[in-house]
Amino acid sequence: PADAIDRVARAFGAGKPAEVVHAVDRVSLDIRRGEVVGLVGESGCGKSTLGRMAVGLHTLSSGTRQWQGDDIDAMPAARQRALRLAMQMIFQDPYASLNPRLRVDAIVGEAPVAHGLVPRAQRSDYVAELLQRVGLDPALARRFPHQFSGGQRARIGIARALAVKPELLVCDEAVAALDVSIQAQVLNLFMRLRDELDLTYLFISHDLGVVRHIADRVVIMYLGRIVESAPADELFAHPNHPYTIGLLASAPTLEVKKIAFQPVAGEMPSPLHPPSGCHFHPRCPHAMPRCRVEQPLLKEVAPQHFSACHLNDS
Ligand code: SF4
Ligand code: MG
């Protein structure tokens, strides 16, 4: 039903001038309320761009962004401003985005006061509550970012995002910079926050181990296109696309020491000159003549499981 679906990002890159790089091309992504969608692919596949499009940090050359069925760009300015708060992004390295000269109470408390969500007089109490929620001692609110560990800084970044009462969090490699044991703790925090605050996540990661831990549904991107999408259990049990199968065959788990991400034989081609037909054909062990000329479209291969591969036609 339409009311159960938040359509946040819908981008079509058709009819483009030849010189423009389309990091995301003819992609449609629906995120349902309360869902954790894991968006996976190698560096340069367009997943960060898609995440930035979803929250409005990256302009669409064509296509629309919708929220509960309404076109965001056609909404009145006030509603658009409110939606900018409702969709928050969390980045890989919170340290880079935490102002080193500000104390944590300003970093976390500034935006909600500026946007009128919290009266200035209540800022300290509000910040203390948020720090507690993300597992930090409220007594640390007077400290500066450099006085915290990587895991603590990740929690500060999360508290800052939560401060404006978002509904959708787009997490771009949010735990990638952390040690494996800390990663698990922060992922557990994300899961707890989802339950407590009724959040929805688009969780972008190159790491299938991370996504397996957190996602309800997994979307696999390759060179700007979605090649497979399925409920997480289904995807891990019955991967369909040759690229996904390659990723799974070599995915490090959370317990295993991180290895360089080299999941599939061969290098990823430049997005500037993507291969014809199926973008994956130069690296695919099953490539057929048809794959060089014809782009495979997403097709439902099992309930709610979509894959874009010509092998599904035979
Ligand atoms: Fe491989 Fe062809 Fe399927 Fe692409 S369409 S993944 S090249 S078999
Ligand atoms: Mg990226």
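Residues numbered from 1 in each chain as written. Chains lettered and ligands numbered in written order. Predicted model: local features only at pLDDT ≥ 70, side-chain atom pairs only at ≥ 80, totals over all residues.

Here the focus is the pairing of strand 8 (residues 168–172). Most of strand 8 is tucked away, with 5 of its 5 residues classed as buried. Neither face of strand 8 is exposed, since Leu-168, Val-170 and Asp-172 on one face and Leu-169 and Cys-171 on the opposite face are all buried. Here 4 bridges tie strand 7 (residues 87–90) to strand 8, and the two strands are oriented parallel to one another. What sits directly across from Gln-88, in strand 8, is Leu-169. Handedness of the β-α-β unit built from strand 8, helix 7 (residues 180–197) and strand 9 (residues 200–205) comes out right-handed. (Buried ≥ 20, exposed ≤ 12 C-beta atoms within 10 Å, placed from the backbone. Helix = DSSP H or I, 4+ residues; strand = E, 2+ residues; numbered from the N terminus. Pairing = 2+ DSSP bridges. Right-handed = clockwise from strand over helix to strand, strands pointing away.)

Turning our eyes to something else, we now look at the site of ligand 1. Close contacts around ligand 1 come from 14 residues, with Cys-278, His-281, Cys-284, Cys-291 and Cys-309 the closest. Here the shell around ligand 1 is composed, by residue class, of 10 nonpolar, 4 polar and no charged. (Near = placed C-beta within 6 Å. Nonpolar A, V, L, I, M, F, W, Y, C, P; charged D, E, K, R; others polar.)

If you trace the backbone, Ile-204 turns up in strand 9. A sequence separation of 156 residues divides Ile-204 from Ser-48, and the C-alpha atoms of the two residues are 7.1 Å apart. For Ile-204, the residues in contact, after removing those within four places along its chain, are Leu-39, Lys-47, Ser-48, Gly-51, Cys-171, Asp-172 and Glu-173. (Contact = placed C-beta atoms within 7 Å.)

Attention shifts here to the nonpolar core. One finds Leu-202 and Phe-203 to be the most contacted residues of the largest nonpolar core, which totals 74 residues. Among the elements that make up this core, the one with the highest residue count is helix 6 (residues 150–162) (6 residues). When near neighbours in sequence (up to four residues on either side) are disregarded, Leu-202 contacts Ile-31, Val-37, Leu-39, Gly-51, Ala-54, Leu-168 and Val-170. (Core = buried A, V, L, I, M, F, W, Y, C linked by C-beta atoms within 7 Å.)

Packed helices, taken two at a time, are described by the angle their axes make and the gap between the axes. With their axes 10 Å apart at the nearest point, helix 6 and helix 7 run at an angle of 20° to one another. By the criterion of interaxial angle, the relationship of helix 6 to helix 7 is roughly parallel. In the crossing of helix 6 with helix 7, the sense of the turn from one axis to the other is right-handed. From helix 6, Gly-150, Gly-151, Ala-154 and Ile-158 reach across to helix 7, where they touch Ile-182, Gln-185, Val-186 and Leu-189. Among the residues forming the contact of helix 6 with helix 7, the class breakdown is 5 nonpolar, 3 polar and no charged. (Axes fitted to C-alpha atoms, helices over the stretch in contact; angles between N-to-C directions. Parallel < 35°, antiparallel > 145°, perpendicular 65-115°, else oblique. Left-handed = near helix turned anticlockwise from the far one by under 90°.)

Turning next to the confidence of the model for the protein. The predicted coordinates should not be examined in detail at positions where pLDDT is low. Counting all residues, the mean pLDDT for the protein is 86, and 88% of those residues have values of 70 or more. Every residue in residues 1–20 scores below 50 in pLDDT, and together they form 48 contacts with partners more than four places removed in sequence or on other chains. Across residues 254–262, where pLDDT falls below 50, the model places 11 contacts with residues more than four positions away in sequence or in other chains. On the interface metric, ipTM, the complex scores 0.96, and its pTM is 0.87. (pLDDT = per-residue confidence, 0-100.)

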